[in-house]
Amino acid sequence: MPTPVASSRSARLLSRFHEVRDFTTKLSANLAPEDCVVQSMPDVSPTKWHLAHTTWFFETFILKKWIPGYQSENSQYAYLFNSYYNAAGNMHRRDLRGLISRPTVEETHRYRSSIDQHIDNLLSRADERLFDEIEPIVVLGIHHEQQHQELLVTDIKHVFAQNPLHPVFRERKIDIVPAKPSPLRFVEFDEATIEIGHDGHGFSYDNEGPRHRALILPFSLATRPITNGEYIAFIEDNGYARSEFWLSLGWTTVNEPASGGWQAPLYWEKHDGVWWNFTLSGFRPIDDSEPVTHVSYFEADAFANWSGARLPTEFEWERAAANLPMDGNFVESERFHPQALPGPAHGQRLEQMFGDVWEWTRSAYSPYPGYRAAPGALGEYNGKFMCNQYVLRGGSCATSHAHIRRTYRNFFQPEKRWQFNGIRLARDPQ
Ligand SMILES: [Fe+2]
């Protein structure tokens, strides 16, 4: 029998585990089975795949390791629902996930329940020593699940956006009077040598360390993200047609026939002179005061150049965020859309650093000094992606508040637009 200490710790962990697992189920609860199987582009995974893959993670890295003689209910799930862990065996092709009609959505939910039951049994019977071994992997699995909750939301948005019926993921009222954005100001920061990276208290991903010192030269950071209205000014100034603002690779991407020639952020359409966008609450006119989102790194960088500014480095961002509360519009609000700043101008405070939109930085996603990926499958979680991607900071309206940290490093390739990614400007001393 477990010791009382282990049993109270396991009760706490299991409560957190079920809370996060249940939120995934809640996110998919309004979807029809037909919604859950579509893959609208290679980057997008069907909802059903997210439901199954997050379950596979707990089965593979916990149950198979710690339950002697564990038998999967279907041994082929290991192949179907492995994403990219080479050390965990072969995997099905990512771009073909939408072709898999079995297991059905119902069978996938049964698979989730069965694995949850096994985790319950394992943790509630674990003694202190066993619990100490398993706990960090359960915590990693919980954070992994939260990452997939965000992907589930952004992926179903992309799926629904392909449908001329404009399906609604979640009903939401339109604000009758759009908020008036506060004027864009800049907060100045002096030169400083600061500690960058996670301090080791509580959970973090391996890519947030090792903590190390970094010299930050003087800079200033915009008080809030760029709004739709400000971005429309860039579009109307012919921003998408003026090569002088664009990185070479960005210019090629904007003009690629395959991309259809970008003229605006993803999900934007102009009708009778008015910009509309597709949201998880339907197709609606753009609110000028909301933070602009669904822009690539290329667009963020071009906008910054057009503005006479630049994107911040991830180190500048981390410095500016160091003492700010991590409040904001996260997935728990279930708005599933960035929100305009409430109220009138706020002066010199940094606003919306957390939540609403991920903020592109100009920092390449690369290892911090001294970083080594751990051996084995879980060492593949972050390290092997440190190539050709840029870091984003702060979380979005699809990120869980319990998932974000000031040191959190999200990363995407510069041409990706389907995440809730936005723009905050920085400047060198004038
Ligand atoms: Fe994953």
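Asker: Account for the overall build of the protein, naming residues and giving values.
Answerer: A count of helical and extended segments in the protein gives nine helices and 12 strands. By the compact-globule yardstick of 22 Å for 430 residues, the protein fits well, its C-alpha radius of gyration being 22 Å. Principal-axis analysis of the C-alpha atoms places the extent of the protein at approximately 65 × 55 × 40 Å. Buried positions account for 54% of the 430 residues belonging to the protein. Counting only contacts in the protein whose residues sit at least 6 apart along the sequence, the fraction spanning at least 24 positions is 81%. Accessible surface, the protein as shown: approximately 19000 Å² in total, 52% of it carbon and sulfur. Computed over 43 positive and 53 negative side-chain charges, the separation of the two mean positions in the protein equals 2 Å.

Asker: Could you give an account of unusual backbone geometry, naming the residues involved and the relevant values?
Answerer: Cis geometry marks the peptide bond from Arg 102 to Pro 103, where omega comes out at 0°. Within the secondary structure, Pro 103 sits in the loop between helix 3 (77-80) and helix 4 (105-125). With omega at -5°, the peptide bond leading from Gly 209 into Pro 210 counts as cis. Assignment of secondary structure puts Pro 210 in the loop between strand 2 (192-196) and strand 3 (212-216). Positive phi is not limited to glycine here, since Asp 272 has a value of about 50°.

Asker: Any chance you could break down the pairing of strand 3 for me, citing the residues and the numbers?
Answerer: Residues His 212, Ala 214 and Ile 216 of strand 3 are buried on one face, while the alternating residues Arg 213 and Leu 215, pointing to the opposite face, are not. In this sheet, strand 3 lies alongside strand 2 in antiparallel orientation, the contact comprising five bridges. Residue Thr 193 lies in a different strand from strand 3, and its bridge partner there is Leu 215.

Asker: Before we move on, could you go through the coordination of the iron ion and cite the residues and values that matter?
Answerer: Distances from the iron ion to its protein donors, His 53 (NE2), His 144 (NE2) and His 148 (NE2), fall within 2.2 Å. Look at where the donors of the iron ion fall in the sequence and you get H-x90-H-x3-H. Of this pair, His 53 sits in helix 2 (residues 47-66) while His 144 sits in helix 5 (residues 128-161), and the two are 91 residues apart along the sequence. When sorted by exposure, His 53 lands in the same class as His 144, which is buried.

Asker: Tell me about the packing of helix 2 against helix 5, and name the residues and values.
Answerer: It is at 9 Å that the axes of helix 2 and helix 5 come closest, and there the two elements cross at 170°. In terms of their interaxial angle, helix 2 and helix 5 are classed as roughly antiparallel.

Asker: Which residues make up the pairing of strand 7 (residues 282-285), and what values do they have?
Answerer: Judged from the four bridges that link them, strand 6 (residues 274-279) and strand 7 form a sheet pairing that is antiparallel. Bridge pairing links Asn 277 to Arg 284 in strand 7. In this antiparallel pair of consecutive strands, strand 6 and strand 7, the connection spans two residues.

Asker: Residue-level account of the nonpolar core, with values.
Answerer: Formed by 108 residues in total, the largest nonpolar core has its most connected members in Ile 62, Ile 119, Val 138, Tyr 231, Ile 423 and Leu 425. The biggest single contributor to this core is helix 5, with 12 residues. For Leu 425, the residues in contact, after removing those within four places along its chain, are Leu 184, Phe 186, Ser 220, Leu 221, Ala 222, Ile 226, Phe 303, Ala 304, Ser 307, Ala 309, Arg 310 and Pro 312. If you look at the next biggest cluster of nonpolar residues, it comprises five residues, including Tyr 365, Tyr 371, Val 391 and Phe 411.

Asker: Give me the side chain of Glu 145: which residues, what numbers.
Answerer: Within the secondary structure layout, Glu 145 lies in helix 5. For Glu 145, a relative accessible area of 1% gives the class buried. Side-chain polar atoms of Glu 145 contact the side chain of Arg 112, separated by 2.8 Å. Among residues more than four places away in sequence, those in contact with Glu 145 are Val 20, Arg 21, Thr 24, Thr 54, Phe 58 and Arg 112.

Asker: Hey, could you go over the packing of aromatic side chains for me, with residue numbers and the actual values?
Answerer: By the definition in use, this model includes 38 aromatic pairs. Measuring from ring centre to ring centre gives 6.4 Å for Phe 234 and Trp 246, while their planes differ by 40°; the resulting arrangement is tilted. Residue Phe 234 is found in helix 6 (residues 228-236), and its partner Trp 246 is found in the loop between helix 6 and helix 7 (248-255); the two are separated by 12 residues along the sequence. For the pair shown, Phe 234 and Trp 246 are each scored as buried. Seen from their ring centres, Phe 234 and Phe 303 are 5.7 Å apart, and the 75° between their planes marks the pair as edge-to-face. Of this pair, Phe 234 sits in helix 6 while Phe 303 sits in helix 8 (residues 297-306); the two residues are 69 residues apart in sequence, bridging distant segments of the chain. Take Phe 234 and Phe 303: they sit in the same class, and that class is buried. Taking NZ or CZ as reference, Arg 170 lies 5.4 Å from the ring centre of Phe 169, over its face.

Asker: With reference to specific residues and values, describe the layout of surface pockets.
Answerer: Estimated volume of the largest pocket: approximately 720 Å³. Of all the elements in the fold, those that place two or more residues in the lining of the largest pocket are helix 2, helix 5 and strand 10 (410-412). In terms of residues, the lining of the largest pocket owes the most to one element, helix 5, which gives six residues. Partitioning the lining of the largest pocket into residue classes produces 11 nonpolar, 13 polar and six charged. Here the second largest pocket is characterised by a volume of approximately 600 Å³. Looking at the second largest pocket, it is lined by 25 residues, and the ones nearest its centre are His 158, Ser 259, Trp 262, Leu 266 and Arg 417. For the lining of the second largest pocket, the secondary structure elements donating two or more residues are helix 5 and strand 5 (268-271). Residues of the lining of the second largest pocket, tallied by class, amount to 12 nonpolar, seven polar and six charged.

Rules behind the numbers
- Residues numbered from 1 in each chain as written.
- Predicted model: local features only at pLDDT ≥ 70, side-chain atom pairs only at ≥ 80, totals over all residues.
- Heavy atoms only, no water.
- Helix = DSSP H or I, 4+ residues; strand = E, 2+ residues; numbered from the N terminus.
- Rg over C-alpha atoms; globule rule 2.2 N^0.38 Å.
- Buried < 20%, exposed > 50% of the residue type's maximum accessible area, 1.4 Å probe, protein only.
- Contact = heavy atoms within 4.5 Å.
- Areas by Shrake-Rupley, 256 points an atom, 1.4 Å probe, with all protein chains shown as cover.
- Lys, Arg positive; Asp, Glu negative; His and termini not counted.
- Charge placed at Lys NZ, Arg CZ, Asp CG, Glu CD.
- Pairing = 2+ DSSP bridges.
- Donors = N, O, S within 2.8 Å, 3.2 Å for Na, K, Ca; no water.
- Axes fitted to C-alpha atoms, helices over the stretch in contact; angles between N-to-C directions.
- Parallel < 35°, antiparallel > 145°, perpendicular 65-115°, else oblique.
- Core = buried A, V, L, I, M, F, W, Y, C linked by side-chain atoms within 4.5 Å.
- Polar contact = N/O pair within 3.5 Å; in protein donor to acceptor, adjacent residues only side chain to side chain.
- Phe/Tyr/Trp six-rings, centres within 6.5 Å; stacked < 30°, edge-to-face > 60°.
- Lys NZ or Arg CZ within 6 Å of the ring centre and 35° of its normal.
- 1 Å grid on protein atoms, 1.4 Å probe; cavity = no way out; pocket = protein on both sides within 12 Å on 5 of 7 lines; lining within 4 Å.
- Points joined across faces, edges and corners; volume = space filled by probe spheres on them.
- Nonpolar A, V, L, I, M, F, W, Y, C, P; charged D, E, K, R; others polar.

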